[in-house]
Amino acid sequence: MTIDVPVIVVGAGPVGMTLAMDLASRGIETLVLERRPPRQAPDARCNHVSARSMEVFRRLGFADRVRAAGLPPDHAHDVVYATRFNGYELGRVRIPAARDRFDDAGYADGSWPTPEPPHRINQIYLEPQMWAHAESFERLSIRWNADVQSLSEHPDHVELTVVDRATGAASVLRARFVLGCDGTRSTVRRELGVRLVGDDGIMMSVMATITAPELAATQRLDRAWMYWILNAEMSGNVISLDGKERWIVNVFVPKDTDVEAIDFADAARRLLATDVPFTIEDQNAWTGRRLLAERFGSQRVFIAGDAAHSWLPMAGYAMNAGIADAANLAWKVAAVLDGWGGEELLASYESERRPVLEQVSTLAMNVRKGNAVPVPLEIEEPNAAGAAARERFGRYMLETDSAQFACIGLNFGYYYDGSPIIAYDGVAAPAYSLGHYTPSTVPGCRMPHAFVNGTTSLYDLLGPAYTLVRFDRTIDVAPLQRSAERTGVPLTVLDLDPANVDTHYDVALVLVRPDHHVAWRGQTVAGAAEALLDRLRGARAVQAA
Ligand SMILES: Cc1cc2nc3c(=O)[nH]c(=O)nc-3n(C[C@H](O)[C@H](O)[C@H](O)COP(=O)(O)OP(=O)(O)OC[C@H]3O[C@@H](n4cnc5c(N)ncnc54)[C@H](O)[C@@H]3O)c2cc1C
């Protein structure tokens, strides 16, 4: 039996590319199959790249190029609540331009404990950056026009039938693992016989990308990245794509609206409150859902990103959740192929990610419940009653809704609880919400970030696999190192002097996973070393604590 490549990733969208680059960075030869023609831009959907995703991009070596793309460097990333695009401003969430991103005290998402704060960039600009960076990985290739039609899973491999959309030729490819990152209509999910289940149809929007060369010059309000429009007649948003002439316009409509019957150009003109000319580049409708796959995989086939879950774009987090899936799955597949990952490791992908996805999708859904509220009828009146309504309603939106645009909890707060491959110590992880995060070394949490010697990110010092961060050199960690050698687990020991670190860690030893979550912590490794690494690498069936 000839295996063509160890891993095939289906889909060259943001999740598939992250997964493929993460695997290739670990030395795993990976082939991406994408049905689109070479480098064809996606639909203009996602605009917000979370800090956590930017941290993953940094680890993979391309955060800088993403940050340099998108809006012009001096274009504010603010979010404005307004009655219309050219109406009254109700409130403003201040988010810095890329140029000011690292000097961002006083902004809504400023001074976060990360080397990579969030970034606003549309998917049409993000994906080309990913494809370009992918070329720097020797072990990564992308086959375009490659439409995966079916798959069959065997004890030691998976077979895929692929049709070349340019030539019509069909071929069969074999891989040890197939990872479906092929979006909401995933073929891989269908072939697994898995359904998406949950809340279907929470909201609807008619969305278009427009070109309006005169719009920016005639706008009344100060520049922002997004204008969240609320008035008594309609709601929606307007998002700047290039800071010049390309915009996304969303007109929110009631569920089950016949979108074909809507005159979008007229609705957009009323939302914008302008008669400047614009051209509609593309137009479609989307339905906000909250759906999760019944299963995230089998033995050799797994799904990630929109293939495994889909929810409404509140808090701009759906792609970011998929990137977190990729960061969770990549090292596990690589560990199994490298021989040190045990039988339990791959199953932990679902047991770790599902509860988190339930939590974060619920938070996103609650955002919609909070902002789908009646708007005062007088809000656009040019008189004292209108001014009072605008002041009151703007304050309400800033207090209740703005956390979706500075969601520190979604970024850093989620933790893996009850995982079979994490060694817990009985202390509960701190609770988190959309806008609230408490750094913690409790196993399962993201390793709290620190700058070392002033400017070096702790994350840049971590090894490629497990890293034992030791804050006291006198502690003997040799037993753990010997155990790592015996089990083949790549382990780096990183010594840090607490005096040179700008974060307080409440424990002397923290064992950090390849995806930067804490796997174990303690004051000594004595006694536990063998059993500990076996648990962490999923080598034995163990009860979750
Ligand atoms: C209006 C809107 C706004 C959004 N805003 C945000 C936001 O701000 N932040 C955020 O995090 N998320 C946002 N999202 C969600 C985000 O767009 C998706 O979560 C993201 O695109 C998912 O990435 P993916 O790689 O999983 O799937 P996709 O981007 O759908 O990529 C799947 C890829 O697989 C390919 N493919 C499909 N089937 C096959 C096949 N059989 N063979 C080969 N290739 C195949 C497709 O061509 C595609 O390239 C938004 C979504 C919408 C609708």
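Residues numbered from 1 in each chain as written. Predicted model: local features only at pLDDT ≥ 70, side-chain atom pairs only at ≥ 80, totals over all residues. Heavy atoms only, no water.

Student: Which residues make up the overall build of the chain, and what are the values?
Tutor: Looking only at helices and strands, the chain has 14 helices and 23 strands in total. Whereas a compact globule of 545 residues would reach a radius of gyration of roughly 24 Å, the chain reaches 24 Å, a difference of no more than 12%. Along the longest, intermediate and shortest principal axes, the C-alpha atoms of the chain span 75 × 60 × 35 Å. When burial is assessed residue by residue, the chain has 59% of its 545 residues classed as buried. The long-range fraction of contacts in the chain, counting pairs at least 24 apart against all pairs at least 6 apart in sequence, stands at 72%. For the chain, the accessible surface area stands at approximately 21100 Å², while carbon and sulfur atoms represent 48% of it. Computing the positive centroid from 54 side-chain charges and the negative centroid from 68, the chain places the two 2 Å apart. (Helix = DSSP H or I, 4+ residues; strand = E, 2+ residues; numbered from the N terminus. Rg over C-alpha atoms; globule rule 2.2 N^0.38 Å. Buried < 20%, exposed > 50% of the residue type's maximum accessible area, 1.4 Å probe, protein only. Contact = heavy atoms within 4.5 Å. Areas by Shrake-Rupley, 256 points an atom, 1.4 Å probe, with all protein chains shown as cover. Lys, Arg positive; Asp, Glu negative; His and termini not counted. Charge placed at Lys NZ, Arg CZ, Asp CG, Glu CD.)

Student: Which residues make up the sheet that holds strand β22 (residues 509-512), and what values go with them?
Tutor: Sheet strands pair via backbone hydrogen bonds, and the direction of the pair is either parallel or antiparallel. Taking strand neighbours across the sheet as the criterion, the 4 strands line up as β21-β20-β22-β23 in an open arrangement whose pairing is mixed. Each end of this open sheet is capped by a strand with a single partner; those strands are β21 (491-495) and β23 (518-522). Across the sheet, the mean angle separating the axes of adjacent strands is 20° when strand polarity is ignored. The pairing of strand β20 (residues 466-470) with β21 spans 5 bridges and is classified as parallel. (Pairing = 2+ DSSP bridges. Axes fitted to C-alpha atoms, helices over the stretch in contact; angles between N-to-C directions.)

Student: An account of the packing of helix α2 (residues 51-59) against helix α8 (residues 318-338) is requested, with residue identities and associated values reported.
Tutor: Closest axis-to-axis distance for the α2/α8 pair is 9 Å, and the angle between their directions is 40°. Overall, the two elements α2 and α8 adopt an arrangement that is oblique. α8 is crossed by α2, and the crossing has left-handed handedness. Where α2 abuts α8, its residues Ser53, Val56, Phe57 and Arg59 lie against Asn320, Ile323 and Ala327. The class makeup of the residues in the contact of α2 with α8 is 4 nonpolar, 2 polar and 1 charged. (Parallel < 35°, antiparallel > 145°, perpendicular 65-115°, else oblique. Left-handed = near helix turned anticlockwise from the far one by under 90°. Nonpolar A, V, L, I, M, F, W, Y, C, P; charged D, E, K, R; others polar.)

Student: Provide a residue-level description of the packing of α8 against helix α9 (residues 347-371), including the pertinent values.
Tutor: At a minimum axis separation of 10 Å, α8 and α9 run at an interaxial angle of 160°. Between α8 and α9, the angle is such that the two are roughly antiparallel. Relative to α9, the crossing made by α8 is right-handed. Contacts between α8 and α9 pair Ala321, Ala324, Asp325, Asn328, Leu329 and Lys332 from the former with Ser348, Tyr349, Glu352, Arg353 and Leu357 from the latter. In the contact of α8 with α9, the residues fall into 5 nonpolar, 2 polar and 4 charged.

Student: Can you lay out the environment of Asn284 for me, pointing to particular residues and giving the numbers?
Tutor: Within the secondary structure, Asn284 is located in strand β15 (residues 279-293). The exposure class of Asn284 is partly exposed, given its relative accessible area of 30%. When the C-alpha atoms of Asn284 and Ser205 are compared, they prove to be 8.6 Å apart, with 79 residues separating the residues in sequence. Once residues within four sequence positions are removed from consideration, Asn284 is found in contact with Asp43, Ser205, Val206 and Met207.

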